[in-house]
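# Fold and geometry: a report
Each chain is listed here by its residues.
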Amino acid sequence: MTALSAPRGAANARILGLGAYRPARVVPNSEVVEAIDSSDEWIQQRSGIKSRRFASPEETVQMMSVAASRTALERAGLSAAQVDCVVVATISHLLQLPAVAPAIAHELGTEGAAAFDISAACAGFCHGVALAADMVRGGSARHVLVIGVERLTDIVDFSDRGTAFIFADGAGAAVVGPSDEPGVGPVVWGSDGEQFDYIRQREDWRDVIGTDDAPGSGIMPHLTMQGNEVFRWASFAMAKVAQQALDAAGIGVDDLDLFVPHQANMRITDAMARSMKLPEHVRIARDVAEQGNTSAASIPLALDRLVQDGDARSGDTALLVGFGAGLSYAAQVVIVP
Ligand code: COA
C-alpha cells in the first residue's frame, strides 16, 4: 500500500485577534414595547436588556462580517491573504445557497480561502472556534477566520411578545492561528435534538410557498421560541457544561478571569454564575444589556466589549459557553489575545 503524507499542524492554537461590528442604530426598549403591550421595566426585569442595535439596510450580513473581520485581522497583524479558511456561523443569511462565507472571503481579499457557513445558532461561534483550533492543530489551515454574524431583525416577528424584545443584529470575528502555548482549551459540545422545536423557524419554506392546489402562507417564516423551556434548560444544564469545559482545560473557577456566556438573557447568565459559584474576581460579560441577543455574534461581541472597556487583558483566561437552537451547545476556555 502506498503511504500518504500525514497532515502536520501546529502544536497549539490560540485566538490572535478579535473584531466586532455593532450597527449604528441604538433601539431602546421604548421603541419595541408598543407592538407587544410590554414595558421598559418588564423587559429589563425579565431579560436585563435596556437597548439593542438594529441594522440598517446597508448593514448586511456580509458588510458587518467584513467590518468585524478587518478589525480582527488588523489586531492579529495579519493580511487577508494569510487566511486559509473562513468559517461563518449564522442563522440569518437569507439565501439557502450559496453560503455567505465565500463572498466574505472574496471581499476581504483572501486568496481563494476555503469558506463555508455553519448552522449552530447561538452556539455557532464556539463551534467555529473549536473547528478552527482543530484545523490549525491538524494542519488543514494555518490561520482561520471565525465569524459570528446575525441580522435577526429580518426573521423576528415584532408582534411576538416572546421574542420581539430579545433579538438584535451585529457581527464578531476572531482569527485563530498557531501558538507556542495552548490558547484554546478542549471543546465540550453536544446537542439535544429531542428539543428541536424549542427555538425554530416557524414554518418550512415549502409551507410558505405552497403548491397550486394548496397555496402557502406567503409570509416570512419568523423565529419562534418556547421561552420558559429554553430558560430552564439554559439555566441548569449549561452550568454543568461550563464546569466540564473548565475541567477539560485543567483549570478551576479560581483560575478563571472572565466568564463570557452566550448573551441570551441576563437572568440566565446570573443563574449560571450562581450555580458555578464563580468567585468575585471573575468578570462577567453583560453585553446583552446594550446589545440584545445576537445569537452567533453575541460571544465575540461580548468578549470584545470586555477588552475594549479594559475589563479583559491579553493573557486572561475566558470561559466561553454557547447554547441555543437545536438544542446545541459548545463551550471552551480561551486565552484572550
Ligand atoms: N411583556 C410583558 N409581559 C409579558 C411579555 C412581554 N413581552 N411576555 C409575556 N408576558 C407576561 C405573560 O402574559 C405572563 O403574564 P401572566 O403572569 O399575567 O399570565 C407573564 O408575563 C409571564 O409570562 P411567561 O411567558 O411565563 O414569561 P417568562 O417569565 O418566561 O419570560 C422570557 C419570558 C422570554 C423573558 C423568558 O422565558 C426567557 O427569557 N426565556 C429565555 C429566552 C432566551 O434567552 N432565549 C434565547 C436562548 S438562545
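Just so you know, these numbers come straight off a predicted model, no measurement behind them. (Residues numbered from 1 in each chain as written. Predicted model: local features only at pLDDT ≥ 70, side-chain atom pairs only at ≥ 80, totals over all residues. Heavy atoms only, no water.)

### Some remarks on the site of the ligand
Taken together, 20 residues lie near the ligand, and Ser38, Arg46, Arg161, Asn228 and Asn265 sit nearest. Here a nitrogen atom of the ligand sits 3.0 Å away from a polar atom, N or O, in the main chain of Gly227. Take Asn228: an N or O atom from its side chain is 2.9 Å from an oxygen atom of the ligand. Summarising the interface, the protein chains cover 70% of the accessible area of the ligand, which totals 960 Å² for the free molecule. (Near = heavy atom within 4 Å. Polar contact = N/O pair within 3.5 Å; in protein donor to acceptor, adjacent residues only side chain to side chain. Areas by Shrake-Rupley, 256 points an atom, 1.4 Å probe, with all protein chains shown as cover.)

### Thoughts on the domain arrangement of the protein chain
How big an interface is tends to be stated in terms of accessible area lost as the parts join. Domain parsing of the protein chain yields domain 1 (12–179) and domain 2 (188–335). Each partner contributes to the interface: domain 1 provides 51 residues, whereas domain 2 provides 43 residues. Carbon and sulfur atoms supply 62% of the area that domain 1 and domain 2 bury against each other, a total of about 3600 Å² over both sides. At the boundary of domain 1 with domain 2, the tally comes to 3 salt bridges. (Domains from an automatic or database assignment. Contact = heavy atoms within 4.5 Å. Buried area = accessible area lost by both parts, 1.4 Å probe. Salt bridge = Lys/Arg side-chain N within 4 Å of Asp/Glu carboxyl O.)

### Some remarks on the UniProt feature "domain: Beta-ketoacyl-[acyl-carrier-protein] synthase III N-terminal" (unreviewed entry) in the protein chain
The UniProt record marks residues 116–193 with the feature "domain: Beta-ketoacyl-[acyl-carrier-protein] synthase III N-terminal" (unreviewed entry), using the residue numbering of this structure. Secondary structure within residues 116–193 divides into 19% helix and 33% strand; the distance between the first and last C-alpha atoms comes to 23 Å. (UniProt positions renumbered as here; feature names shortened; annotations may be inferred. Helix = DSSP H or I, 4+ residues; strand = E, 2+ residues; numbered from the N terminus.)

### A short note on the sheet that holds strand β11 (residues 258–261)
Strand order in the open sheet formed by 5 strands is β8-β14-β13-β11-β12, with mixed pairing between adjacent strands. Whereas interior strands pair on both sides, the edge strands pair on one side only; in this sheet they are β8 (188–191) and β12 (283–284). Inspection of the sheet shows β11 paired to strand β13 (residues 317–324) by 4 bridges, in the parallel sense. By the bridge assignment for β13, Pro261 is matched with Val321. Contacts from helix α5 (residues 124–138) reach β8, β13 and β14 (328–335), with the element oriented near 55 degrees to β14. Running over the sheet, helix α8 (residues 266–276) touches β11, β12 and β13 and is turned about 135 degrees from β11. (Pairing = 2+ DSSP bridges. Axes fitted to C-alpha atoms, helices over the stretch in contact; angles between N-to-C directions.)

### With respect to the side chain of Asn265
In this structure, Asn265 sits in the loop between β11 and α8. Judged by its relative accessible area of 10%, Asn265 is buried. A distance of 2.8 Å separates a polar side-chain atom of Asn265 from the backbone nitrogen of Arg267. Excluding residues within four positions of it along the chain, Asn265 makes contact with Arg46, Ser47, Phe231 and Val288. (Buried < 20%, exposed > 50% of the residue type's maximum accessible area, 1.4 Å probe, protein only.)

### Brief notes about the UniProt feature "active site" (unreviewed entry) in the protein chain
The residues that UniProt annotates with the feature "active site" (unreviewed entry) are Cys122, His262 and Asn293. Taken along the chain, the residues just named run across 172 residues; in space they keep tight, none of their C-alpha pairs more than 8.9 Å apart. Its place among the elements puts Cys122 in the loop between β5 (114–118) and α5. When neighbours within four sequence positions are excluded, Cys122 is seen to be in contact with His262, Asn293, Ser295, Ala296, Gly322, Phe323 and Gly324. Topologically, Asn293 is positioned in the loop between α9 (288–291) and α10 (298–308). With a relative accessible area of 3%, Asn293 lands in the buried category.

### Quick notes on the environment of Ile199
Following the sequence through the fold, Ile199 ends up in strand β9 (residues 199–201). Residues Ile199 and Leu327 lie 128 residues apart in sequence; the distance between their C-alpha atoms is 7.8 Å. Residues within four places of Ile199 in sequence aside, it is in contact with Leu223, Thr224, Met225, Val230, Gly324 and Ala325.

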